[in-house]
Amino acid sequence: RSRRCIVTNISITTMVTLYYLVLGTLKESYWKEAEAEYLKRLKPLVRIETIELREESFGDKDNVDRIREKEAAKIMMALKKIPHPYIIALDERGSEYTSVAFAQFLKKIMDTETSLVFIIGGPRGLDKTITHHARTTIALSKFTFTHHMARIILTEQIYRSLMIIQGRTYHY
């Protein structure tokens, strides 16, 4: 027997734009295909814009903090171009949610904001200036994922959340 988790029976009335501000690109076809599938599903529900920034190259002997600082500067420049952003940084120390709780969290934000920015760092993570600048930090899990995986998991969870908000049967 299936259970439908309904956050609210009221649809989101304002079209929200979700920005993915990410370091790096999806190179492998399987990541691109997975993302394309969920973006196709999300298209009628929200606007999504992906802003891919070039990752800093690094080696084992490079200073990790310096790499993060350089990437943070790129992120801050990109944020200046987004109108009234509500910034959510993905970070291993962020708040964790169940899918239903994440839907409630998103619904609350989407009721008042029009630009949500999800920031996903590169292989070395995000600089503390970014996590401090964010309104919220979230963790997808206690596990560590590659930034490519995090992008796909986040996209699926956003889709799942919108289905929960609308009372549709994607989430059981």
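Keep in mind it's a predicted model, so treat the numbers as computed, not measured.

A. Layout of the pattern of salt bridges. The tally for this structure, following the rule as stated, stands at twelve salt bridges. The closest approach of N and O atoms between E37 and K40, which form a salt bridge, is 3.3 Å. Of this pair, E37 and K40 both sit in helix α1 (residues 29-42), three residues apart, roughly one helical turn. We note a salt bridge from D65 to R68, for which the minimum N-O separation is 3.6 Å. In this pair, D65 and R68 both sit in helix α2 (residues 64-79), three residues apart, roughly one turn of the helix. The class for D65 is partly exposed, based on a relative accessible area of 46%. By sharing partners, the salt bridges in this structure join E35, E52 and R151 into a single network.

B. Seen up close, the pairing of strand β1 (residues 17-23). For β1, a buried count of seven out of seven residues is recorded, marking the element as mostly surrounded by other parts of the structure. Across the two faces of β1 the burial is the same, with T17, Y19, L21 and L23 and L18, Y20 and V22 all buried. Of the crossover connections in this fold, the one passing from β1 over α1 to the parallel strand β2 (residues 47-53) is right-handed. In the sheet, β1 pairs with strand β4 (residues 115-120) via six bridges, with the strands oriented parallel. Note on β4: the bridge partner recorded for Y19 is V117.

C. Structural view of the confidence of the model for the chain. Averaged over every residue, the pLDDT of the chain is 90; the share at 70 or more is 91%. Confidence, read as mean pLDDT per element, is least for α2 in the chain (95) and greatest for strand β5 (residues 136-138) (98). Within the model, the stretch residues 1-13 combines pLDDT values under 50 with 25 contacts to residues more than four positions away or in other chains.

D. Region of the structure containing the sheet that holds β2. The strand order β2-β1-β4-β3-β5 describes an open sheet built from five strands, whose pairing is parallel. On the outer flanks of this sheet lie β2 and β5, each paired with one strand and no other. Taking the axes of each pair of neighbouring strands and ignoring which way they run, one obtains an average angle of 30° across the sheet. In the packing of helix α3 (residues 99-110) onto the sheet, the strands contacted are β3 (86-95), β4 and β5, and the crossing angle to β4 comes to about 135°.

E. A look at the nonpolar core. Among the nonpolar cores identified, the biggest contains 28 residues, and L116, F118, L154 and I158 are the most heavily contacted of them. If one sorts the elements of this core by residue count, helix α5 (residues 147-165) sits on top with eight residues. Non-local contacts of I158, meaning those with residues more than four positions away in its chain, are made with L18, Y20, L42, F102, L106 and F118. By size, the runner-up hydrophobic cluster in this structure holds 17 residues, among which are L53, A72, I119 and I130.

F. Examining the packing of aromatic side chains more closely. Across all of its chains, the model carries seven aromatic pairs by this definition. Note on Y20 and F118: the rings are 6.3 Å apart at their centroids and 85° apart in plane angle, and the pair reads as edge-to-face. Residue Y20 is located in strand β1, and its partner F118 is located in strand β4; the two are separated by 98 residues in the primary sequence. Using a relative accessible area of 0% as the deciding quantity, one classes Y20 as buried. Relative to Y170, the ring of Y159 lies with its centre 4.8 Å away and its plane at 75°, an arrangement referred to as edge-to-face. With Y159 in helix α5 and Y170 in the segment after α5, the pair connects residues that are eleven residues apart, well separated along the chain. Judged by its relative accessible area of 9%, Y159 is buried. Of the residues examined, Y170 reaches a relative accessible area of 24% and is grouped as partly exposed. Three or more aromatic residues link up through ring pairs in this structure, and these residues are Y38, Y159 and Y170.

Cut-offs used in this document
Residues numbered from 1 in each chain as written. Predicted model: local features only at pLDDT ≥ 70, side-chain atom pairs only at ≥ 80, totals over all residues. Heavy atoms only, no water. Salt bridge = Lys/Arg side-chain N within 4 Å of Asp/Glu carboxyl O. Helix = DSSP H or I, 4+ residues; strand = E, 2+ residues; numbered from the N terminus. Buried < 20%, exposed > 50% of the residue type's maximum accessible area, 1.4 Å probe, protein only. Right-handed = clockwise from strand over helix to strand, strands pointing away. Pairing = 2+ DSSP bridges. pLDDT = per-residue confidence, 0-100. Contact = heavy atoms within 4.5 Å. Axes fitted to C-alpha atoms, helices over the stretch in contact; angles between N-to-C directions. Core = buried A, V, L, I, M, F, W, Y, C linked by side-chain atoms within 4.5 Å. Phe/Tyr/Trp six-rings, centres within 6.5 Å; stacked < 30°, edge-to-face > 60°.

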